[in-house]
Amino acid sequence: PARPWWTMAVEAALRRNIEAQLERLLCQLEDIESLKTEMSAVEFERERNDTLQQLSEFEDSLQKTLSGNLTMQSELEVTKLAIRAAISKAFKTPQVIRLFAQKQPAALRERLAQIDRDVKLGKADHDAVAEQAAEILTALKKLGEPL
């Protein structure tokens, strides 16, 4: 049976709100990371842990909201994976988490190419960017992209 138009409209609005909330939390995490040198270690950990707690609560809320709605569950599976990755610290780079959540494999590949160029040109130390390159490869794999 066809779904009523209003159901699809509500789901579209819900999806936009979910994506906006995730983007806000990822921006917050990125801001905290970028200000790390300006904060004390205690303050940095507190702010980072608070944001990770907010992500965890967001994931719980998302799970409750989506229970029973298989269409929305499948459409937002990558969003849920991104939240889990951020919480579990599988990805430590907020930019990688954002590109993963937004399903942007081309942007992830571009970032990987940029890292490669920077290392070859001596602009970045291999050891300093190896972890981010590994995160990008992991994100591409989780998105089902060929490596």
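Residues numbered from 1 in each chain as written. Predicted model: local features only at pLDDT ≥ 70, side-chain atom pairs only at ≥ 80, totals over all residues. Heavy atoms only, no water.

**Some points on the overall build of the chain**
Within the chain, the regular secondary structure consists of 7 helices and 0 strands. Ordered by position from the N terminus, the helices and strands of the chain form the series α-α-α-α-α-α-α. Within the chain, the proportion of its 147 residues that are buried is 33%. Long-range contacts, defined here as pairs at least 24 residues apart, represent 62% of the contacts in the chain between residues at least 6 apart. Of the roughly 8800 Å² of accessible surface on the chain, 54% is carried by carbon and sulfur atoms. (Helix = DSSP H or I, 4+ residues; strand = E, 2+ residues; numbered from the N terminus. Buried < 20%, exposed > 50% of the residue type's maximum accessible area, 1.4 Å probe, protein only. Contact = heavy atoms within 4.5 Å. Areas by Shrake-Rupley, 256 points an atom, 1.4 Å probe, with all protein chains shown as cover.)

**Considering the packing of helix 5 (residues 94–101) against helix 7 (residues 126–142)**
In a packed pair of helices, the relevant descriptors are the angle between the two axes and the axis-to-axis distance. It is the contact of helix 5 with helix 7, at a shortest axis distance of 10 Å, that shows an interaxial angle of 15 degrees. Overall, the two elements helix 5 and helix 7 adopt an arrangement that is roughly parallel. Taken as a pair, helix 5 and helix 7 cross one another with a handedness that is right-handed. For the pair helix 5 and helix 7, contact is made by Q95, V96 and F100 and by Q132, E135, I136, A139 and K142, respectively. Looking at the contact of helix 5 with helix 7, its residues break down into 4 nonpolar, 2 polar and 2 charged. (Axes fitted to C-alpha atoms, helices over the stretch in contact; angles between N-to-C directions. Parallel < 35°, antiparallel > 145°, perpendicular 65-115°, else oblique. Left-handed = near helix turned anticlockwise from the far one by under 90°. Nonpolar A, V, L, I, M, F, W, Y, C, P; charged D, E, K, R; others polar.)

**Describing the confidence of the model for the chain**
Parts of the model with low pLDDT should not have their predicted coordinates read in detail. Mean pLDDT over the chain works out to 80, with 78% of the residues at or above the 70 mark. Per-element confidence in the chain ranges from a low mean pLDDT of 59 for helix 3 (residues 70–75) to a high of 90 for helix 6 (residues 105–120). (pLDDT = per-residue confidence, 0-100.)

**Points about helix 5**
Note that an α-helix has 3.6 residues per turn; residues three or four places apart therefore point the same way. Among the 8 residues that make up helix 5, 7 are buried, leaving the element largely enclosed by the rest of the structure. The complete set of buried residues in helix 5 reads P94, V96, I97, R98, L99, F100 and A101. A positive phi of about 50 degrees marks K103, the residue just after helix 5.

**A few points about the nonpolar core**
Core analysis: the biggest nonpolar cluster contains 11 residues, these being I18, L22, L25, L26, L29, L52, L55, F58, L62, I97 and A101. Broken down by element, the residue count for this core peaks at 5 residues, all from helix 1 (residues 5–34). F100, V129, I136 and A139 belong to the second-largest nonpolar core, a separate cluster that totals 9 residues. (Core = buried A, V, L, I, M, F, W, Y, C linked by side-chain atoms within 4.5 Å.)

**Concerning helix 6**
Taking 1.5 Å of rise per residue, 16 residues should cover 22 Å, and helix 6 covers 23 Å from first to last C-alpha, within 8% of that figure. If you check which residues of helix 6 are buried, you get L108, R111 and I115. Axial view of helix 6: buried residues confined to an arc of 60 degrees, hence all on one face. Turned more than 90 degrees away from the buried face of helix 6 sit A106 and K120, all of them exposed. If you follow the buried residues of helix 6, they end up packed against helix 5 and helix 7. Immediately beyond the C-terminal end of helix 6, within one or two residues, lies G122, with a positive phi of roughly 80 degrees. (Expected span 1.5 Å × (residues − 1). Arc of directions from axis to C-beta.)

**Some remarks on the pattern of salt bridges**
Note on pairing: side chains with opposite charge can pair once their charged atoms come close. Across all of its chains, the model carries 4 salt bridges by this definition. Notably, a salt bridge pairs E145 with R109, separated by 3.8 Å at the nearest N-O pair. Here R109 lies in helix 6 and E145 lies in the segment after helix 7, a separation of 36 residues in the sequence. What makes R109 partly exposed here is its relative accessible area of 34%. A salt bridge links D116 to K120, with the shortest nitrogen-to-oxygen separation between them at 3.2 Å. Taken as a pair, D116 and K120 lie in helix 6 at a separation of 4 residues, close to a single helical turn. (Salt bridge = Lys/Arg side-chain N within 4 Å of Asp/Glu carboxyl O.)

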